[in-house]
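Summary of the model geometry
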Amino acid sequence: EAGVTQSPTHLIKTRGQQATLRCSPISGHTSVYWYQQALGLGLQFLLWYDEGEERNRGNFPPRFSGRQFPNYSSELNVNALELEDSALYLCASSSGGKVYNEQFFGPGTRLTVL
Amino acid sequence: SQELEQSPQSLIVQEGKNLTINCTSSKTLYGLYWYKQKYGEGLIFLMMLQKGGEEKSHEKITAKLDEKKQQSSLHITASQPSHAGIYLCGAPRRGSQGNLIFGKGTKLSVKP
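So, a few notes on the structure that sits alongside this text. (Residues numbered from 1 in each chain as written. Chains lettered and ligands numbered in written order. Predicted model: local features only at pLDDT ≥ 70, side-chain atom pairs only at ≥ 80, totals over all residues. Heavy atoms only, no water.)

**Focus on the interface of chain B and chain A**
Each partner contributes residues to the interface: chain B has 19 residues there, and chain A has 19 residues. Between chain B and chain A, roughly 1700 Å² of surface is buried when both sides are summed, and carbon and sulfur atoms account for 58% of that area. At the surface where chain B touches chain A, the tally comes to zero salt bridges. On inspection of chain B and its partner chain A, the count reaches seven residue pairs in polar contact (both at pLDDT 80 or more). When residues of the side of chain B that touches chain A are traced back to their parent elements, those giving at least two are β4 (32-37), β5 (43-49), β9 (85-92) and β10 (100-102) of chain B. Each residue belonging to the side of chain B that touches chain A can be placed in one class, and the counts come to ten nonpolar, eight polar and one charged. (Contact = heavy atoms within 4.5 Å. Buried area = accessible area lost by both parts, 1.4 Å probe. Salt bridge = Lys/Arg side-chain N within 4 Å of Asp/Glu carboxyl O. Polar contact = N/O pair within 3.5 Å; in protein donor to acceptor, adjacent residues only side chain to side chain. Helix = DSSP H or I, 4+ residues; strand = E, 2+ residues; numbered from the N terminus. Nonpolar A, V, L, I, M, F, W, Y, C, P; charged D, E, K, R; others polar.)

Okay, structure coming up:
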């Protein structure tokens, strides 16, 4: 069974540009989560999508946005990139139906903002 | 706000030795997840604990959640170089569904 996949593996952008990161969940999973892992800050929750809807978002500015498609894959968009957006962005997926579900993570996208 | 504190921050052990990593929460836990991360890579799910006193094992790794559900420990028996990595504990943030908070991680090195 394929795990969570993310693309691209690496992304280099300059300040002010936009970045788009993609995630495909494990087959059968309807929830997708996005996390940011910046140096020195640890893993921080960004967004949760379930059944195509945004269910929750972390303490990040509105220029971090995303969506979930009918096939449950997801896209994270970061507008007006800033240097401090440089981080590893991790996507996770889980099945629905329970309040607390195991979240399975992908390999991540390394975003570098120059 | 709820925080997870891991100890130790880093650990170097000789191959074959046992070790324990702790994760302490500032509030009651409603679930506790253990993950392993190779530097700069994704997280590998190890175990999830939900009930006070619960204990789970997978291969040589055992995790426990204490009765009061505020502390968890991860124990590795007869460590191997393949156990090296960063171990992270995570927990659902109270009042914010879908949101996992994480400890800062414990970096484990295993010397052959």
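Further notes follow.
**A short note on the sheet that holds strand β7 (residues 61-65) of chain B**
Residues and elements named next belong to chain B. Spatially, five strands are ordered β1-β3-β8-β7-β6 in an open sheet, and the strand pairing comes out antiparallel. Pairing within the sheet leaves two strands with one partner each, and these edge strands are β1 (4-7) and β6 (55-58). Averaged over all adjacent pairs, the angle separating strand axes in this sheet is 15°, with direction ignored. Where β6 lies against β7, four bridges are found, and the strand directions are antiparallel. Bridging across to β7, S57 finds its partner in T62. (Pairing = 2+ DSSP bridges. Axes fitted to C-alpha atoms, helices over the stretch in contact; angles between N-to-C directions.)

**Things to note about the sheet that holds strand β7 (residues 64-68) of chain A**
Residues and elements named next belong to chain A. Judged by pairing direction, the sheet is antiparallel, and its four strands sit side by side in the order β1-β3-β8-β7 without closing on themselves. Edge positions in the open sheet fall to β1 (5-7) and β7, since each of these has one partner strand only. For this sheet the average axis-to-axis angle between neighbouring strands, irrespective of direction, equals 20°.

**Structural notes on the state of the cysteines**
Here, disulfide denotes a covalent bond that connects the sulfur atoms of two cysteines. For the structure shown, the criterion picks out two disulfides over all chains. The side chain of C23(A) participates in a disulfide bridge whose partner is C91(A); the two sulfur atoms lie 1.8 Å from each other. Residues C23(A) and C91(A) are joined through a disulfide that is left-handed, its torsion about the S-S bond being -60°. Here C23(A) is found in strand β3 (residues 19-24), whereas its partner C91(A) is found in strand β9 (residues 87-94), with 68 residues between them in sequence. As far as the burial class goes, C23(A) and C91(A) line up, both buried. Residue pairing for C23(B): its cysteine sulfur links by disulfide to C89(B), the two sulfurs lying 2.1 Å apart. (Disulfide = S-S within 2.5 Å. Buried < 20%, exposed > 50% of the residue type's maximum accessible area, 1.4 Å probe, protein only.)

**Comments concerning the environment of L74(B)**
Residue and element names in this part refer to chain B. Positionally, L74 belongs in strand β8 (residues 71-76). Assessed through its relative accessible area of 0%, L74 is described here as buried. Once the C-alpha coordinates of L74 and T20 are considered, the two residues, 54 residues apart in sequence, prove to be 5.5 Å apart. Discounting residues that sit within four places of it in the chain, L74 has contacts with L19, T20, I21, W34, M47, I61, T62, A63 and Y87.

**Some thoughts on the layout of surface pockets**
Gaps between atoms show up when a probe of the same size as a water molecule is rolled over them. Taken as a whole, the largest pocket encloses approximately 650 Å³ of empty space. Looking at the largest pocket, it is lined by 26 residues, and the ones nearest its centre are L41(A), L43(A), E3(B), F102(B) and K104(B). When residues of the lining of the largest pocket are traced back to their parent elements, those giving at least two are β5 (42-50) of chain A together with β1, β3 (19-25) and β10 of chain B. The element that contributes the greatest number of residues to the lining of the largest pocket is β5(A), accounting for four residues. (1 Å grid on protein atoms, 1.4 Å probe; cavity = no way out; pocket = protein on both sides within 12 Å on 5 of 7 lines; lining within 4 Å. Points joined across faces, edges and corners; volume = space filled by probe spheres on them.)

**Thoughts on the pattern of salt bridges**
All names here are of chain A. Overall, the coordinates contain eight salt bridges over all chains when judged by the stated rule. In this structure, the salt-bridge partner of E75 is R22, at a minimum N-O distance of 3.8 Å. Residue E75 is found in strand β8 (residues 74-78), and its partner R22 is found in strand β3; the two are separated by 53 residues along the sequence. Taking the shortest distance from any N to any O, the salt bridge between E75 and R67 comes out at 3.3 Å.

**Let's talk about the pairing of β9(A)**
All names here are of chain A. With eight of its eight residues buried, β9 lies for the most part within the structure. Of the pairings in the sheet, the one linking strand β4 (residues 31-38) to β9 comprises seven bridges and is antiparallel in character. Its bridge partner being in β9, W34 is matched across the sheet by C91. In the sheet, β9 pairs with strand β11 (residues 109-113) via three bridges, with the strands oriented antiparallel. Looking at β11, one finds that A87 is bridged to L111. When β9 meets strand β10 (residues 104-105), the two strands line up antiparallel, connected through two bridges.

Read these as spatial facts, not as claims about activity.
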